[in-house]
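# Coordinate inspection notes
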Amino acid sequence: MSYLCWEESVDLRQYNTFNVCSIARYLVRIRGMEDLKKLHVSPRFHGLRNLVLGGGSNILFATQDFDGVILKNEIGGIELLSQDDHSTVLRVGGGVEWTSLVKYCIENGLGGLENLSLIPGTVGAAPIQNIGAYGAELSDVILSLEIFNLSTGEVTTMSRDECLFEYRDSIFKRELKNVFITCLIIRVNKERFHCLNTEYSSVQDILQEQGVITPTIRSVSEAICILRRRKLPDPKIVGNAGSFFKNFVCDDFLSQSLVKRNPQIPIFPKPDRSFMIPAAWLIEGCGWKGKRVGEVGVFSNHALVLVNYGSRGGEIMSMAKLIVQDVQAQYGIELTPEVNIA
Ligand SMILES: Cc1cc2nc3c(=O)[nH]c(=O)nc-3n(C[C@H](O)[C@H](O)[C@H](O)COP(=O)(O)OP(=O)(O)OC[C@H]3O[C@@H](n4cnc5c(N)ncnc54)[C@H](O)[C@@H]3O)c2cc1C
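Let me sum up the structure you'll find in this document. Computed from a predicted structure; not experimentally measured.

## Re the sheet that holds strand β2 (residues 23–30)
Strand order in the open sheet formed by 4 strands is β1-β2-β5-β3, and the pairing between neighbours is mixed. At either margin of the open sheet sits one strand with a lone partner, and together these are β1 (7–11) and β3 (49–53). The mean angle between the axes of side-by-side strands here comes to 40°, regardless of whether they run parallel or antiparallel. Here helix α1 (residues 33–41) sits on the sheet in contact with β2 and β5 (65–73), set at roughly 135° to β2.

So, in structure tokens, the structure goes:
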């Protein structure tokens, strides 16, 4: 019978894409439901703060020490549950890398994830902020997920509707925080019944550049990968966690008053009748794009991305706070972080 190993004084630098150093008191690797059950009956667990960690690509360790236990999700497995002429249902372990799942789907001619190509991190973290890119979101494909409640030890299945998915948000960022997402059930389409989403002009441009006349799941995925490599910094080269802030979403009334005060402000209507203002535009408008202060900076190609040249998490937080203050002062808009702060 396997036992849980409590690694002590673990440097988390290798486990977060910001590449910041923070020392965790303990780290436990979770490889399945049995490990979670063992952890839950361990007296040591209940006296400690805990944090579930996937690929560390959406987290900022803001302090030098994490005085608690990191639960490193290593639950693997992609299992075909059922299929019909139109679609396939998969059960995917929460510790599977998101990019491996996308690759699996593309290699098996399954559509639905191609616009989410090259998003770092694990499958289990994808519901936390309902990952999205180029007009697609996790909520388009997810049917349900399984959680282990770290407070009660209960295992529950939740339907997509119960997850309360929104733009970069879900119940797991609000009412239901102390849970471990162990697996996802998703439905993806067989290629001949799949409707590709190439509505973004930047995607169309790359497809044209690549000489693609009839797009396929694979060619759209490749186009998205090209776009992302051009636009975003590679965390292996410079520490970052993708977009640090969320775009600002507001109602019609507020959007009109913001336009009155700033006629230049770009506002995009969303299908749910709300309006979105790109946070990158606001940050750039305050002169932050490409700026570097000590060992932290704002990426020169994309004002939403904070980059770490060797600082500690606290310095990154300080820069983020200055950006929030400037945007508030100049535009009267309060930016909120997309990245989780630990
Ligand atoms: C270069 C780059 C580009 C990115 N582009 C995008 C993008 O286009 N769209 C997008 O949406 N995101 C993007 N991101 C953000 C990130 O990739 C996603 O949020 C991803 O889902 C995070 O996965 P992770 O495993 O790394 O999560 P982590 O960073 O490990 O964790 C993030 C949060 O989720 C919690 N968590 C993790 N796993 C679980 C679990 N199994 N159960 C419960 N809680 C859990 C953690 O406690 C933490 O609060 C990008 C990041 C980078 C670095």
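From this point, things continue past the structure.
## Considerations on the environment of Ile 119
By secondary structure assignment, the location of Ile 119 is in the loop between β8 (110–111) and β9 (132–133). Look at Ile 119 and you get buried, because its relative accessible area is 10%. Sequence-wise, Ile 119 and Cys 5 are 114 residues apart; in three dimensions their C-alpha atoms are separated by 30 Å. Sequence-distant contacts of Ile 119, that is, excluding residues within four places in its chain, are made with Trp 98, Thr 99, Ile 131, Gly 132, Ala 133 and Arg 228.

## Considering the side chain of Lys 173
With respect to the helices and strands, Lys 173 occurs in the loop between β12 (155–159) and β13 (179–190). When near neighbours in sequence (up to four residues on either side) are disregarded, Lys 173 contacts Ile 128, Gln 129, Arg 168, Lys 246, Glu 338 and Asn 340.

## Thoughts on helix α5 (residues 217–231)
Helix length check: α5 (15 residues) gives 21 Å between terminal C-alpha atoms against 21 Å at 1.5 Å per residue, within 8%. For α5, the set of buried residues is Ile 217, Ser 219, Val 220, Ser 221, Ala 223, Ile 224, Cys 225, Leu 227 and Arg 228. On the buried face of α5, the contacting elements are α3 (98–107), β8, β9 and α4 (201–209).

## Description of the pairing of strand β7 (residues 87–93)
Buried residues dominate β7, accounting for 6 of its 7 residues. Two strands pair when backbone bridges link them, and strand β6 (residues 78–83) and β7 are joined in this way by 5 bridges, in the antiparallel orientation. From the neighbouring strand, Ser 82 faces β7, where its bridge partner is Val 89. By the bridge criterion, 7 bridges tie β7 to β13 in an arrangement that is antiparallel. The residue of β13 that forms the bridge with Thr 88 is Val 188.

How each quantity is defined
Residues numbered from 1 in each chain as written. Predicted model: local features only at pLDDT ≥ 70, side-chain atom pairs only at ≥ 80, totals over all residues. Heavy atoms only, no water. Pairing = 2+ DSSP bridges. Helix = DSSP H or I, 4+ residues; strand = E, 2+ residues; numbered from the N terminus. Axes fitted to C-alpha atoms, helices over the stretch in contact; angles between N-to-C directions. Contact = heavy atoms within 4.5 Å. Buried < 20%, exposed > 50% of the residue type's maximum accessible area, 1.4 Å probe, protein only. Expected span 1.5 Å × (residues − 1).

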